[in-house]
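Commentary on secondary and tertiary structure
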Amino acid sequence: MLAEMSGCPKSPRIVPFRGEYLLLDPKKAKLIKTNIYPVPDPRFPFLGVHFTPRMNGDVWLGPNAVLAFKREGYKWTDVNIKELMDALSYPGFLKLAIKFASAGIYEIAKSVYTPWQVKELQKFMPSLTTADVKSGPAGVRAQALDNNGNLVDDFYFDMNKGEKGTAVGDRVLHCRNAPSPGATSSLAIAKMMADKLETEFSLK
Ligand SMILES: Cc1cc2nc3c(=O)[nH]c(=O)nc-3n(C[C@H](O)[C@H](O)[C@H](O)COP(=O)(O)OP(=O)(O)OC[C@H]3O[C@@H](n4cnc5c(N)ncnc54)[C@H](O)[C@@H]3O)c2cc1C
């Protein structure tokens, strides 16, 4: 929205996708000594379910990827009609929903029926059972989606190129997409932003 207000095109748009985690029973936590990741599905910018041992000894399992009904929608009951309609009426989202209908429905099913999520996790830890997990925290990814229904899987920098010039817009550089793994890449993102600022605004 800010990018649009400062003269950038409408696309890509941010659509919020929630990622929900399960928590591993502390009695089994010692079995997970390191991060365990799947080979990612190149069709999606999300990594897929993984095992994350945390500093306090907890082990997080997940996340899934379901549409959040609110930009800060950390659970199914968090709904904002305006934000939800904004996502649902975006042609890019409709194209994505049609293209990946079965994958999307499976993600929702795994969210509401834990044994299916556990089945995915058993590929990495066959002894895992539904009794070993309980609901955990969730996060919301601000995922950029283009007009053609593609999940933007790279960093996306944008600035007003003068077509719809606004005085402020000419001096703003946006990072409109920071895909996974955002935290791990944070220093590289900062460097890229600093380099882009130098070239775009002739600061050197
Ligand atoms: C499901 C999921 C899985 C992810 N997995 C990975 C991964 O495996 N590896 C990886 O590298 N990255 C991952 N990420 C991305 C990573 O979490 C983010 O890139 C990173 O947390 C961004 O850091 P940040 O400090 O910019 O923002 P945040 O971590 O969001 O921190 C912003 C903070 O500001 C606070 N805040 C917001 N507004 C206000 C206000 N008005 N006043 C006061 N405080 C405010 C918020 O409460 C929050 O604590 C994942 C994200 C999600 C959602």
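The notes below deal with the structure included here. Just so you know, the residues in each chain are numbered from 1, in the order the chain's sequence is written. Whole-chain, interface and lining totals are the exception, using all residues; otherwise, since this is a predicted model, local features are given only for residues with pLDDT of at least 70 and side-chain atom pairs are given and counted only at 80 or more. Water and hydrogen atoms play no part in the side-chain values, which are based on all heavy atoms of the structure.

**Remarks on the pairing of strand β2 (residues 50-53)**
Here is the rule we go by: A pair of strands is considered paired only if DSSP assigns at least 2 bridges between the two. Where helices and strands are cited, they refer to DSSP runs of H or I of at least four residues and of E of at least two residues respectively, numbered from the N terminus.
Two elements, β2 and strand β3 (residues 59-62), share four bridges in a ladder whose sense is antiparallel. Looking at β3, one finds that P53 is bridged to V59. The antiparallel hairpin formed by β2 and β3 contains five residues in its connecting segment, where G57 sits at a positive phi of about 95°.

**A few points about the environment of G182**
Tracing the backbone through its elements, the reader meets G182 in the loop between β7 (174-177) and α7 (186-200). As a C-alpha pair, G182 and F124 span 58 residues in sequence and 24 Å in three-dimensional space.

**Brief notes about the site of the ligand**
Cut-off, in case you're wondering: Residues are labelled near a given molecule or strand when at least one of their non-hydrogen atoms is within 4 Å of it. Within 3.5 Å is the distance limit for a polar contact, defined as a pair of N or O atoms, with the added protein rule that one can donate a hydrogen and the other accept it, and that residues adjacent in sequence qualify only through two side-chain atoms. Accessible surface area values rest on a Shrake-Rupley calculation with a 1.4 Å probe, where residue burial reflects the displayed protein chains alone. Gly counts as polar in this scheme, as do all residues outside two lists: the nonpolar Ala, Val, Leu, Ile, Met, Phe, Trp, Tyr, Cys and Pro, and the charged Asp, Glu, Lys and Arg.
Lining the immediate surroundings of the ligand are G19, Y21, H50, P63, G139, V140, R141, P181, G182, A183 and T184. Residue A183 places a main-chain N or O atom 3.1 Å away from an oxygen atom belonging to the ligand. Contact with the protein chains covers 32% of the free accessible surface of the ligand, which is 1,000 Å². When residues of the shell around the ligand are traced back to their parent elements, those giving at least two are β1 (13-24) and β5 (133-145). Taken together, the residues of the shell around the ligand break down into five nonpolar, five polar and one charged.

**A few points about a nonpolar patch on the surface**
We apply this condition: Surface patches are drawn from residues lacking salt bridges whose relative accessible area is over 30%; two like charges belong together within 9 Å, two nonpolar side chains (Val, Leu, Ile, Met, Phe, Trp, Tyr) within 5 Å. Here, a salt bridge means any Lys or Arg side-chain nitrogen found within 4 Å of an Asp or Glu carboxyl oxygen. Accessibility here uses a 1.4 Å probe with only protein chains present; expressed as a share of the type maximum, an area under 20% marks a residue as buried, one over 50% as exposed, and anything in between as partly exposed.
Taken together, the side chains of Y106, I108, V112, Y113 and W116 define a hydrophobic patch exposed on the protein surface, amounting to about 490 Å² of accessible area. If one sorts the elements of the nonpolar patch by residue count, helix α5 (residues 101-112) sits on top with three residues. Summarising the element assignment, Y106 is placed in helix α5. By relative accessible area, Y106 is classed as partly exposed at 32%.

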